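# Topology and contacts: notes
Here is how the chains run, residue by residue.
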Amino acid sequence: MLPKVLQSRLVQARGSLLLCRGCLGPVGQGAEAGLCARCWSGLLPLPEGRCPRCALVHAEGDCPEATAWELGDALWDYHGGRPPLGALLLPGIKQGEAGWRGALLGRIAQGPLPGWVEEVDQVTSAPSTLYRHLLRGFDLSAEVGSLVAGRIGRPFQPMLSKSWHSGRQAARTESQRRRLPRKAITLRPGAASDGRVLLVDDVWTTGTTLLRCAQALREGGAQEVRVLTVFRAL
Ligand SMILES: [Zn+2]
Ligand SMILES: [Zn+2]
């Protein structure tokens, strides 16, 4: 038997190893990838009554995406939960948090999808630059895209590419992002963009990247583009 004081120190030490990496509270039951069940419950759906095109709540006729695509939605609110879970998970995943990536993909595999997703002919994803893809060793949007494609039994095809100098969205200001040049995103040589295409991305903020993607798909021959993202920043 260990002396009592040592025992209690061991308990303390063990407890401190099991703190949730989101809220820093005890992880408890239902934790996954170092995040407690309460933090995971921050995967919150977008508000009811949102626009079926831009996924925001706005007055009729004010849709900012009216010319870009037909239908658009996201699975969860980027700033849902305390701490905001999307804003915690995505930067972490991009820095190599493989556990968070696996847990998030697992939830996307189980979670509800908008009914209209089933009506598309094929699925593609918003591209990352080749440089960033090689640096990270994965492309989250493409992983989500092929997962969704698998769920609805449609082919996934990487159709778009992004030029290397169009760079990091997150490091840019709002007005710089709006200026993402039209030719920054192009159809890959040989890609067949036809029928009704579902465009998948990880997070939807201003919608400029999605707009450039949708334009390239339409110019490449897609009859219709629909957008689904994992998170929507409101
Ligand atoms: Zn937590
Ligand atoms: Zn709208």
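These notes cover the structure that comes with them.

### Some words on the coordination of the zinc ion (ligand 2)
Within the protein, the zinc ion (ligand 2) binds to Cys51 (SG), Cys54 (SG), His58 (NE2) and Cys63 (SG); these donor distances fall in the range 2.1 to 2.4 Å. Mapping the donors of the zinc ion (ligand 2) onto the primary sequence gives the spacing C-x2-C-x3-H-x4-C. Judged by relative accessible area, His58 falls into the partly exposed class, the value being 29%. Given a relative accessible area of 16%, Cys63 falls into the buried group.

### Observations regarding the sheet that holds strand E5 (residues 195-204)
The strands that make up a sheet pair up through hydrogen bonds in the backbone, lying either parallel or antiparallel. Within the open sheet, the four strands sit side by side as E1-E6-E5-E2. Their pairing is parallel. Pairing within the sheet leaves two strands with one partner each, and these edge strands are strand E1 (71-77) and strand E2 (122-125). With strand direction ignored, the average angle separating the axes of adjacent strands in the sheet is 25°. Both E2 and E5 contribute to a ladder of four bridges, which runs parallel.

### Focus on the coordination of the zinc ion (ligand 1)
Looking at the zinc ion (ligand 1), the protein donor atoms are Cys20 (SG), Cys23 (SG), Cys36 (SG) and Cys39 (SG), and they sit 2.2 to 2.4 Å from it. Considering all four donor atoms around the zinc ion (ligand 1), angles at the metal cover 106 to 115° and the coordination shape is tetrahedral. Between consecutive donors of the zinc ion (ligand 1), the numbers of intervening residues give the motif C-x2-C-x12-C-x2-C. Of this pair, Cys20 sits in the loop between helix H1 (4-17) and helix H2 (37-40) while Cys36 sits in the loop between H1 and H2, and the two are 16 residues apart along the sequence. No difference in accessibility class separates Cys20 from Cys36, as the two residues are buried.

### Overview of helix H8 (residues 208-219)
Its twelve residues give H8 an end-to-end C-alpha distance of 16 Å, which sits within 8% of 16 Å, the value for a rise of 1.5 Å per residue. Here H8 lies mainly inside the structure; nine of its twelve residues are buried. Among all positions of H8, only Thr208, Thr209, Leu210, Arg212, Cys213, Ala214, Gln215, Ala216 and Leu217 are buried. Just beyond H8, the residue with positive phi is Gly221, at close to 115°.

Cut-offs applied
Residues numbered from 1 in each chain as written. Chains lettered and ligands numbered in written order. Predicted model: local features only at pLDDT ≥ 70, side-chain atom pairs only at ≥ 80, totals over all residues. Heavy atoms only, no water. Donors = N, O, S within 2.8 Å, 3.2 Å for Na, K, Ca; no water. Buried < 20%, exposed > 50% of the residue type's maximum accessible area, 1.4 Å probe, protein only. Pairing = 2+ DSSP bridges. Helix = DSSP H or I, 4+ residues; strand = E, 2+ residues; numbered from the N terminus. Axes fitted to C-alpha atoms, helices over the stretch in contact; angles between N-to-C directions. Tetrahedral: all angles 85-135°; square planar, octahedral: opposite > 155°, others 65-115°. Expected span 1.5 Å × (residues − 1).

In short, geometric facts, not functional conclusions.
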